Amino acid sequence: MSETTFMGVPRDKIPWYPMIDYDKCTLCMECDKFCPHRVFDRREGGRIPVVANPNNCVVFCRACAKACGPDAISFPSKPETIALIKQIREQEALK
Amino acid sequence: MKRAILSCNGLDKPEGSVAREVAIRGADATGSEIICPVLLNRAPARYRKALSESSLLVVDGCSTRCATKLAARLEAKVERKLLVSDAVKASGQALEPTLNLGPNGTALAQSIVDELLRNLNPPPVAEFETPTEYLVVTHDKFEFRIPVVDYVFNENDVWARVLDGVARVGISDYMQQKLTDINYFDAPRIDAAVEQFGELGSLESAKAVFEIISPVGGTVTAVNQAVIDNPGLINEDPYGAGWLVEMKLSTWPQDQELLLDPAAYAETVKRKAAEE
C-alpha cells in the first residue's frame, strides 16, 4: 500500500501526511472511513482516530481534510514540500 | 436537459443562509426548479419526475455535505456541486456571524452564482489529437497504456499535453483502472489559478475519491463538459475524450523538472502496480 519513493525521493523523507487537531475533532471517524490508503487507524477501543501509517498518504493529496466536517485535519505547505523534494533530489544527484 | 437545485437548508449556520440564497438566485438565473431537501428526504416520490428529467446543481453549506449525501443516496444525476465553506475560504472574506445574511454573505452568494453561470457556459476548447501509439505495462491480468509521445506525467498519475502555451490535463489509464467506474467529476472553476501540484478538482468512483493533482501551473480555461455529463468517458478513453481540464500555462517549462516522460512514467506504473 505504501509507496517507497516519490519523485525519486524516499517516501519517509517527505513529511506529507494529515495532522489531526483533537480540539476540533468530533471523533466521527469520517477520515478513517474515507481514506482508501489506510493512513488512519482507531485507538482506545475504536474511539479515537489516529494517523497510524503516515507514509501511506499520497503526497500532495488533501482529500481527507475536505471530508472532515469540523475541519480538524491539516497538511503541511505544498510549496515548502515541493522545495524540500527538489532539494533532496539535487543532493542525491550530487552523490 | 432541465436543471434543478438541491440546497442544504442550513438554518443553524451562516454558511447555510448563503447556501439558501445561492439556491434562490441560482434558480432565477438558470431557470431551475428548487428542491426542498427536507421534503425530498421525507417523500422522494414528490420529486420523482423532477429528478428523472433534470440534472442537479447541489449546494452545500459546510463540509458535512448533507445535500450531496442526499443526492448520492437517491442516485440523482448531479451536474455541479457547490460548497459555500470552500467559497468563503477562497474569498478571504469572513461571513457575518449571524443567521441573517449580511453584506458579505449576499456578495458571496452572488459571486458563487456568477461563477456557476460562467462554468455552465464554458468557452470553446483547444484542438488536441487523440494518441495512436502506446507503451503497455502488464501486471497480472491488467494492461496499462501510456501514450508514446507528447504526454508528460506527474507521480500522482495525472497527465498533461502541451500545445501553444495551453495544457490539456487528464488522468492516466493506470489510475482510471485503479478507481474503476468513475461516477462524478467535481470540476475546478474556470479562471482558477492553480500552481503545479495544486488541486484541480476531484473524481469520485464507487471505490474512492481521487484528488486531481495538477502536473502544471496555470489558469483553468476550460473543463470538459462531456465528462461532467458522462464521467464514464474517463474510463473509456482517459487520454482522448476523457480529458478533464485545459489550462493556460504560467510556469512552463520550469514545471518539467518534476514531471516524467512516458518511459519514466511506465517505470513508475510498474513499481506502483508491484507495490499494491
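In what follows, the accompanying structure is described. (Residues numbered from 1 in each chain as written. Chains lettered and ligands numbered in written order. Predicted model: local features only at pLDDT ≥ 70, side-chain atom pairs only at ≥ 80, totals over all residues.)

1. Notes on the overall build of chain B
- Scanning chain B from terminus to terminus reveals 10 helices and 15 strands.
- For chain B, the C-alpha radius of gyration of 20 Å lies close to 19 Å, the compact-globule estimate for 276 residues.
- For chain B, with 276 residues in total, the buried portion stands at 45%.
- Partitioning the contacts of chain B with sequence separation of at least 6, the portion at a separation of at least 24 is 65%. (Helix = DSSP H or I, 4+ residues; strand = E, 2+ residues; numbered from the N terminus. Rg over C-alpha atoms; globule rule 2.2 N^0.38 Å. Buried ≥ 20, exposed ≤ 12 C-beta atoms within 10 Å, placed from the backbone. Contact = placed C-beta atoms within 7 Å.)

2. As for the pairing of strand β8 (residues 158-163) of chain B
Residue and element names in this part refer to chain B.
- In terms of residue burial, β8 counts as a mostly covered element, since five of its six residues are buried.
- Note that strand β7 (residues 151-153) and β8 share three bridges and pair antiparallel. Looking at the pairing, Tyr 151 lines up with Arg 161 of β8.
- The loop that links β7 with its antiparallel partner β8 comprises four residues; one of these, Asp 157, has a positive phi angle of about 70°.
- Sheet analysis places β8 next to strand β9 (residues 166-171), joined by six bridges and oriented antiparallel. Following the sheet pairing, Leu 163 is matched in β9 by Val 166.
- Connecting β8 to the antiparallel partner β9 that follows it, the hairpin turn spans two residues, and Asp 164 within it adopts a positive phi of roughly 50°. (Pairing = 2+ DSSP bridges.)

3. Here's the deal with helix α5 (residues 84-91) of chain B
Residues and elements named next belong to chain B.
- The complete set of buried residues in α5 reads Val 84, Ser 85, Ala 87 and Val 88. In an axial view of α5, the angular spread of the buried residues amounts to 160°, which keeps them on one side of the axis.
- Where the residues of α5 are buried, they touch α1 (14-30), β3 (54-60), β4 (78-83) and α6 (103-120).
- In the segment just after α5, Gly 92 is the residue with positive phi, at about 70°. (Arc of directions from axis to C-beta.)

4. Some details on the interface of chain A and chain B
- Between chain A and chain B, the residue contacts involve 16 residues of the former and 16 residues of the latter.
- The set of elements that each furnish at least two residues to the side of chain A that touches chain B consists of α2 (63-67) and α3 (78-94) of chain A.
- Of the residues contributing to the side of chain A that touches chain B, the split by class is nine nonpolar, two polar and five charged. (Nonpolar A, V, L, I, M, F, W, Y, C, P; charged D, E, K, R; others polar.)

5. Focus: the environment of B:Ser214
Residues and elements named next belong to chain B.
- Along the chain, Ser 214 turns up in the loop between β13 (209-213) and β14 (218-223).
- Along the backbone, Ser 214 and Gly 201 are 13 residues apart, and their C-alpha atoms lie at a distance of 9.3 Å.
- In this structure, Ser 214 is in contact with Val 158, Val 169, Val 194, Gln 196, Phe 197, Gly 198 and Leu 200, ignoring residues within four places of it in sequence.

6. Here we look at the packing of α1(B) against α5(B)
Residues and elements named next belong to chain B.
- Closest axis-to-axis distance for the α1/α5 pair is 9 Å, and the angle between their directions is 100°. Here α1 lies roughly perpendicular to α5, going by the angle between them. Where α1 abuts α5, its residues Glu 15, Val 18, Ala 19 and Val 22 lie against Val 84, Ser 85 and Val 88.
- The residue inventory of the contact of α1 with α5, partitioned by class, reads five nonpolar, one polar and one charged. (Axes fitted to C-alpha atoms, helices over the stretch in contact; angles between N-to-C directions. Parallel < 35°, antiparallel > 145°, perpendicular 65-115°, else oblique.)

7. Re the sheet that holds strand β12 (residues 199-205) of chain B
Residues and elements named next belong to chain B.
- Across the sheet, which stays open at both edges, the three strands sit in the order β10-β12-β13 with antiparallel pairing between neighbours. If you trace the sheet from one side to the other, it starts and ends with β10 (182-186) and β13, each paired once. The sheet shows a mean angle of 25° between the axes of neighbouring strands, taken without regard to direction.
- Pairing between β10 and β12: four bridges, direction antiparallel. Bridge pairing in β12 links Asp 186 to Ser 202.

8. Observations concerning α1(B)
All names here are of chain B.
- The end-to-end C-alpha distance of α1, which contains 17 residues, comes to 24 Å, matching closely the 24 Å that a straight helix rising 1.5 Å per residue would cover.
- Of all the residues in α1, the buried ones are Pro 14, Glu 15, Gly 16, Ser 17, Val 18, Ala 19, Arg 20, Glu 21, Val 22, Ala 23 and Gly 26.
- Lining the buried residues of α1 we find β1 (2-7), β2 (33-35), β3, β4, α5 and α6.
- Of the residues one or two after α1, Gly 31 is the one with positive phi, at around 70°. (Expected span 1.5 Å × (residues − 1).)

9. Here's the deal with the pairing of β1(B)
Residues and elements named next belong to chain B.
- Relative to β3, β1 runs parallel, the two sharing six bridges. When the bridges of β3 are listed, Arg 3 appears paired with Ser 55.
- With three bridges connecting them, β1 and β2 associate as parallel partners. Along β2, the bridge assignment pairs Ala 4 with Glu 33.
- The parallel pair β1 and β2, bridged by α1, forms a crossover whose chirality is right-handed. (Right-handed = clockwise from strand over helix to strand, strands pointing away.)

10. What to know about the sheet that holds β1(B)
All names here are of chain B.
- In spatial order, the strands read β2-β1-β3-β4; together these four strands make up an open sheet with parallel pairing. Edge strands, defined here as strands with exactly one partner in the open sheet, are β2 and β4. For this sheet, the mean angle separating the axes of adjacent strands, direction not counted, is 25°.
- Each of β1, β3 and β4 touches helix α4 (residues 66-73); the most contacted strand, β3, lies at about 150° to it.

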